[in-house]
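# Survey of secondary and tertiary structure
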Amino acid sequence: MTRELKRAVTTARDRLVASGYADRDAHRELTKAERQLAAARGEPWAEPMDLAAQWDTGAPLPHLVSNGSAAVLICYASTVDPNWDGTYATVVSPTDPMPAQLLEFTFGHCHATKFGGPNDEVISGHPLFSRGLEPYEPHIVHNSPWIAEEERINSVHPLHQGGWSQRLKHYFFMFHDETFEALAVDLRVDQVHGVLEDRLLHAVSSVLRD
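Rules used throughout
- Residue positions are counted from 1 within each chain, in the order its sequence is given.
- Two thresholds apply to this predicted model, a pLDDT of at least 70 for residue-level local features and 80 or more for giving and counting side-chain atom pairs, whereas whole-chain, interface and lining totals are computed over all residues.
- No hydrogens and no water enter the side-chain calculation; it runs on all heavy atoms of the structure.
- Should DSSP find at least two bridges between two strands, the strands are regarded as paired.
- A run of DSSP states H or I qualifies as a helix once it reaches four residues; a run of E qualifies as a strand once it reaches two. Both are numbered from the N-terminal end.
- To obtain an axis, a line is fitted to C-alpha atoms, over the contacting stretch when the element is a helix, and the angle between two such axes runs from 0 to 180 degrees between their N-to-C directions.
- Residue contacts follow a heavy-atom distance rule, with two residues in contact if any of their heavy atoms lie within 4.5 Å.
- What goes into a patch is any residue over 30% in relative accessible area without a salt bridge, connected to like charges within 9 Å or, for nonpolar side chains (Val, Leu, Ile, Met, Phe, Trp, Tyr), within 5 Å.
- Accessibility throughout is a Shrake-Rupley quantity obtained with a 1.4 Å probe, and a residue counts as covered only by protein chains that appear here.
- By convention in these notes, a salt bridge is any Lys or Arg side-chain nitrogen within 4 Å of a carboxyl oxygen on Asp or Glu.
- His is not counted, nor are the chain ends; Lys and Arg add positive charge and Asp and Glu add negative charge.
- For charged residues, the charge sits on one atom: NZ in Lys, CZ in Arg, CG in Asp, CD in Glu.
- To count as a disulfide, a pair of cysteine sulfur atoms needs to be within 2.5 Å.
- Note on ring pairs: Phe, Tyr and Trp rings are taken, using the six-membered ring of Trp, and paired if centres are within 6.5 Å. Classes follow the plane angle, with under 30 degrees stacked, over 60 edge-to-face and the rest tilted.
- Here's how the labels work: a residue is buried when its accessible area is under 20% of the maximum for its type, exposed when over 50%, partly exposed in between, all with a 1.4 Å probe on protein chains only.
- The rule for a charge over a ring is simple: NZ of Lys or CZ of Arg within 6 Å of the ring centre, and within 35 degrees of the ring normal.
- N or O atoms closer than or at 3.5 Å make up a polar contact, with two conditions inside protein: a donor-capable atom paired with an acceptor-capable one, and, for residues adjacent in sequence, both atoms drawn from side chains.

For the rest of this paragraph, the subject is the sheet that holds strand 6 (residues 138–142). Adjacent strands of a sheet form backbone hydrogen bonds with each other and so pair up, either parallel or antiparallel. Pairing within the open sheet is antiparallel, and its five strands lie in the order 1-6-7-8-5. The sheet is open, and its two borders are formed by strand 1 (45–48) and strand 5 (112–116), each paired with just one other strand. Pairwise comparison of adjacent strand axes, ignoring direction, gives a mean angle of 25° for this sheet. This element, helix 3 (residues 145–154), spans strand 5, strand 7 (169–174) and strand 8 (179–184) of the sheet and lies at about 50° to strand 8.

On the surface, a cluster of positive charge is contributed by Arg3, Lys6, Arg7 and Arg41. By residue number, the principal contributor to the positive patch is helix 1 (residues 2–18), which donates three residues. Along the chain, Arg7 turns up in helix 1.

Time to look at the state of the cysteines. Considering all chains together, one arrives at zero disulfides under this definition. We note that Cys75 lacks a disulfide partner, and the nearest cysteine sulfur, in Cys110, lies 16 Å from it.

Right, let's talk about the packing of aromatic side chains for a bit. For the structure shown, the criterion picks out ten aromatic pairs. Summarising the aromatic geometry, the rings of Phe115 and Phe180 are spaced 5.9 Å apart at their centres and angled 75° between planes, so their arrangement reads as edge-to-face. Of this pair, Phe115 sits in strand 5 while Phe180 is found in strand 8, placing the two residues 65 residues apart along the sequence. Taking the relative accessible area as the measure of exposure, Phe115 reaches 36% and is therefore partly exposed. Residue classification places Phe180 among the buried positions, given a relative accessible area of 0%. Taken together, the ring pairs in this structure connect Trp55, Phe105, Phe107, Phe115, Tyr171, Phe173, Phe175 and Phe180 into an aromatic cluster. Over the aromatic face of Trp146 sits the side chain of Lys114, whose NZ or CZ is 4.3 Å from the ring centroid.

Position of Asn119 among the secondary structure elements: in the loop between strand 5 and strand 6. Overall, the relative accessible area of 24% leaves Asn119 in the partly exposed class. For the pair Asn119 and Phe175, spaced 56 residues apart in the sequence, the C-alpha separation amounts to 7.1 Å. Within polar-contact distance, the side chain of Asn119 engages the backbone nitrogen of Glu121 at 3.0 Å.

Set out below in structure tokens:
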């Protein structure tokens, strides 16, 4: 089985390269084969999540509010400008006073977060890049080494309970300039129309009450 999956990865990669990385079907086949191969080997792999929401791929400007046990991530949602003709770019700022479409991700019972690099220009150097990562998408990481590491650290506690990989999920969000990762029990997604600064202040109040 592993040999067949390796062959499928090679075939799809060769087809993608031959197309100048323009063949979308080959890309889908490649990422699918990479996920299957990593899973068969017991390695970490990333599975895209269907959250029925898409952030802006150019400037989502994600912001994180967290207190160590609760986390809220807010960013600009992807929207369609009906007047856009390809001759201009819309510049956004986290201090914009005008309401906009926003996405709010609330991570329940959040154990840990990571936020920052790498960006999309160097994501190819990430260990998960050839194991199912999709550009600008939310993912669940299976066989997560981060969960395993956190469980090993916690195992020195006399009241430690195992089974962390069954209770926690490893979320991996790929943005334009940042990546965000969280270990949490669950995730709630809300689409809101508002001012980013106001929603961040609301998130602060929510986290303080958690």
